[in-house]
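Secondary and tertiary structure notes
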Amino acid sequence: MKLLLHVCCAPDLTISYKKLKALGYEPIVYFYNPNIYPEEEYIKRFNEVKKLQMVWNFELIEGEYEPSIYFERIKGHEFNKYNRCLECIKLRLENSLIFANEYRFSQYTSSLLASPRKSHNDILNIVKKIELSNKNIRFQYINFRSNNGIKESSKMCKTYNIYRQDYCGCAFSLSESKKYEEESRRNNYEELKKVVGEDYANAFFNYYKTDLLRIPEDIPYEFLVKEGINSLKYLKPQIVLIRKEIASDFGILKSGRYKIGDWKTKIIVW
Ligand code: SF4
């Protein structure tokens, strides 16, 4: 059965599309997101959706990219995140509903239901408010996040090499995310300084969030001795490449994913 699937981004499309297919739907994918800023980011996110289209061969429709309509809609709520997001979601769902009505779909839904950042209650309240008077179209509520949906989505993103954005989409969320990132960086530096001292912190903090951290080439053994392998949690590396004789001193005997404090990283022992 055909259904219009409003899609906000490729990562959320993965699990939404798969679950709809498993339920026997034929989703027609509709990309309408005038909130995305800047335009290069919009193009990038749309291209990621096209990447999945190449794999799964679904019909894809691009809505108008009309940032001025988004800014008009959220006017007065720019710095009230909750209200701003309600308006932003409403705009996208309203447009999807109008499109679905125009092209005679009987059902529509949205990948916003897959997003870990969105409340299902808020989405359902908005859906009630925007119902059309003819009531010929039904919003199909499916909890795309259930049964490890977010984990599944993350796996599919790795499989298909899908870009996972680090901010929700609008200009405000971009600056909120940068501010959060700067605060987090500063806090991690301060914490590291308390543990290993200012000299070590200054010398090695340039490896903060590095893709690959080599031990002992980048970080000397003495650095780890101070507070054990746990001090790496302040540097948040993606992958740690560590000599086996050093790793064994910290109880790491084989390669794998490890939790260091609240930070998960891949450790390769060699
Ligand atoms: S944070 Fe996300 S949902 Fe909220 S206004 Fe920005 S793009 Fe829209």
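Residues numbered from 1 in each chain as written. Predicted model: local features only at pLDDT ≥ 70, side-chain atom pairs only at ≥ 80, totals over all residues.

Side note on the site of the ligand
For the ligand, the full set of nearby residues is Asn35, Arg84, Cys85, Cys88, Ile89, Cys168, Gly169, Cys170, Phe172 and Ser173. Counting only elements with at least two residues in the shell around the ligand, the list comes to helix 4 (81-102) and helix 7 (171-196). Examining the composition of the shell around the ligand, we find that 4 residues originate from one element, helix 4, more than from any other. Tallied by class, residues from the shell around the ligand come to 6 nonpolar, 3 polar and 1 charged. (Near = placed C-beta within 6 Å. Helix = DSSP H or I, 4+ residues; strand = E, 2+ residues; numbered from the N terminus. Nonpolar A, V, L, I, M, F, W, Y, C, P; charged D, E, K, R; others polar.)

Observations concerning the packing of helix 4 against helix 5 (residues 120-129)
Two elements in contact, helix 4 and helix 5, have axes separated by 10 Å at closest approach and are oriented at 50 degrees. As summarised for this structure, helix 4 and helix 5 are arranged oblique, according to the angle between their axes. As helix 4 packs across helix 5, the resulting crossing turns out to be right-handed. For the pair helix 4 and helix 5, contact is made by Leu86, Ile89, Lys90 and Leu93 and by Asp122, Ile123, Ile126 and Val127, respectively. Considered class by class, the residues forming the contact of helix 4 with helix 5 number 6 nonpolar, no polar and 2 charged. (Axes fitted to C-alpha atoms, helices over the stretch in contact; angles between N-to-C directions. Parallel < 35°, antiparallel > 145°, perpendicular 65-115°, else oblique. Left-handed = near helix turned anticlockwise from the far one by under 90°. Contact = placed C-beta atoms within 7 Å.)

As for the domain arrangement of the chain
We note that the domain assignment places domain 1 (2-169) and domain 2 (180-269) within the chain. For domain 1 versus domain 2, the distance between C-alpha centres works out to 38 Å. (Domains from an automatic or database assignment.)

Some remarks on the sheet that holds strand 2 (residues 26-31)
Reading across the sheet, the 5 strands line up as 3-2-1-4-5 and stay open at both edges, with parallel pairing between neighbours. What marks the edges here is a single partner per strand, and that holds for strand 3 (60-62) and strand 5 (138-139). Where strand 1 (residues 2-7) lies against strand 4 (residues 107-110), 3 bridges are found, and the strand directions are parallel. Across the sheet, the residue bridging to His6 is Ser110, located in strand 4. Helix-sheet contacts for helix 2 (residues 39-56) involve strand 1, strand 2 and strand 3, and the interaxial angle to strand 3 is about 165 degrees. The strands that helix 4 touches are strand 1, strand 2 and strand 4; relative to strand 1, the one it contacts most, it runs at about 155 degrees. (Pairing = 2+ DSSP bridges.)

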